[in-house]
Amino acid sequence: MNNFPPQMINKQPDFHSDAYRDAYSRINGVVVIGETLADRHFRSLAKSIPDDHDLLLSLAAMESRHAVDFVGCGRNLSIRADTSLARKLFDPLHKLFQECEHNGNLAGCLVIQGLIIESFAIAAYQEYLPVADPYAQPITELVLHDEEQHINYAECWLKAHFKEAKNEVSSICSKALPITLSILQTLTNDMRTIGMNPIELIASFSERFQSALETVGYKGSSARRLIMRSTLSVPLT
Ligand code: PL3
Ligand code: FE2
Ligand code: FE2
């Protein structure tokens, strides 16, 4: 089975059409801002978790390189990232991270960056790979490999602190998941324009996020309920 939407089978998008370039500038903006914030979030976690300080700084450095590499993907197509929409879209998630940080809610910070944003990135980059241009394709593949390390870090930390953190994890999920899905929803048309299937992306996101919750300590049924409860309020068309 492949991941191509039906209209894209045996067909690559026209990377130079106006419609592609317009949509890509917004999608690329979201990716570049998402990576830039991920860098900031891991640097802030490095301060809060002194035992893992150096490891977290190395994850932050990967994020900053991802941002630079994705700017390069835009430049290669002579497209400039539209970062103003992206900043608005990510702002509520970033504010929620800062609120958790301010309240010493480390579990909340790790859920937002380590589980939710990383699941989002993994699902999005996997869906993008089959329709990526030849320059962006190998870069995206390498980035995907790094994102797995990021989610693994958060899974391990939260698993080790599950007993005392469970309530915080559930509560942050119900605040952060609707925000994440609304970012996705805003990008739906642009994703279709660049050949991605947004419904498949949401399916992959839920799958990856559910698996993360189970690794951390949730039973399959509770993980599913948590995701459904937090997502059903957002129309997914
Ligand atoms: C975590 O390391 C970074 C988080 C970035 C979030 C990315 C969201 C992507 C939205 C859909 C675009 C995928 C296509 C990529 C094109 C350059
Ligand atoms: Fe990244
Ligand atoms: Fe990451």
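Residues numbered from 1 in each chain as written. Chains lettered and ligands numbered in written order. Predicted model: local features only at pLDDT ≥ 70, side-chain atom pairs only at ≥ 80, totals over all residues. Heavy atoms only, no water.

This brings us to the nonpolar core. Y24, I112, L115, L158 and L213 are the most contacted members of the largest nonpolar core, which has 82 residues in total. Of all the secondary-structure elements, those providing two or more residues to this core are helix 1 (18–48), helix 2 (53–76), helix 3 (83–102), helix 4 (106–128), helix 5 (136–160), helix 6 (162–193), helix 7 (198–216) and helix 8 (220–231). Sort the elements by how many residues they give to this core and helix 4 lands first, with 15 residues. Not counting residues within four places of it along the chain, the set of residues in contact with Y24 comprises G29, C73, G74, L77, I79, Y128, D133, A136 and I194. (Core = buried A, V, L, I, M, F, W, Y, C linked by side-chain atoms within 4.5 Å. Buried < 20%, exposed > 50% of the residue type's maximum accessible area, 1.4 Å probe, protein only. Helix = DSSP H or I, 4+ residues; strand = E, 2+ residues; numbered from the N terminus. Contact = heavy atoms within 4.5 Å.)

Before going further, it helps to examine the coordination of the iron ion (ligand 2). Expected angles at a metal are 109.5 degrees for tetrahedral coordination by four donors and either 90 or 180 degrees for octahedral coordination by six donors. Bound to the iron ion (ligand 2) on the protein side are E35 (OE), E35 (OE), E63 (OE), H66 (ND1) and E147 (OE), at distances that span 2.0 to 2.8 Å. Angles of 51 to 167° at the metal separate the 6 donor atoms of the iron ion (ligand 2), which places the site in the irregular class. Expressed as a motif, the donor residue spacing for the iron ion (ligand 2) is E-x27-E-x2-H-x80-E. In this structure, the iron ion (ligand 2) is positioned 3.3 Å from the iron ion (ligand 3), and both are ligated by E63. Here H66 is found in helix 2, whereas its partner E147 is found in helix 5, with 81 residues between them in sequence. One exposure class covers both H66 and E147, and it is buried. (Donors = N, O, S within 2.8 Å, 3.2 Å for Na, K, Ca; no water. Tetrahedral: all angles 85-135°; square planar, octahedral: opposite > 155°, others 65-115°.)

Turning to the site of ligand 1, a few remarks are in order. Ligand 1 sits among 16 residues. The nearest are I27, E35, E63, E118 and E147. A distance of 3.1 Å separates an oxygen atom of ligand 1 from a polar atom in the side chain of E35. One nitrogen or oxygen atom from the side chain of E63 is found 2.8 Å from an oxygen atom belonging to ligand 1. In isolation ligand 1 has 530 Å² of accessible area, and contact with the protein removes 100% of it. A molecule is said to occupy a pocket when more than half its atoms come within 2 Å of that pocket's grid points, and by this definition ligand 1 occupies the largest cavity. For the shell around ligand 1, the secondary-structure elements that each account for two or more residues are helix 1, helix 2 and helix 4. Element by element, the count of residues in the shell around ligand 1 is highest for helix 4, at 7 residues. (Near = heavy atom within 4 Å. Polar contact = N/O pair within 3.5 Å; in protein donor to acceptor, adjacent residues only side chain to side chain. Areas by Shrake-Rupley, 256 points an atom, 1.4 Å probe, with all protein chains shown as cover. 1 Å grid on protein atoms, 1.4 Å probe; cavity = no way out; pocket = protein on both sides within 12 Å on 5 of 7 lines; lining within 4 Å. Sits in = over half its atoms within 2 Å of the grid points.)

Scanning the entire structure with this criterion turns up 2 cavities of 30 Å³ or more. Taken as a whole, the largest cavity holds about 310 Å³ of empty space. Where the lining of the largest cavity is concerned, the elements lending two or more residues are helix 1, helix 2, helix 4 and helix 6. Across the lining of the largest cavity, the residue classes tally to 18 nonpolar, 3 polar and 4 charged. (Points joined across faces, edges and corners; volume = space filled by probe spheres on them. Nonpolar A, V, L, I, M, F, W, Y, C, P; charged D, E, K, R; others polar.)

Nothing here speaks to function; it is geometry throughout.
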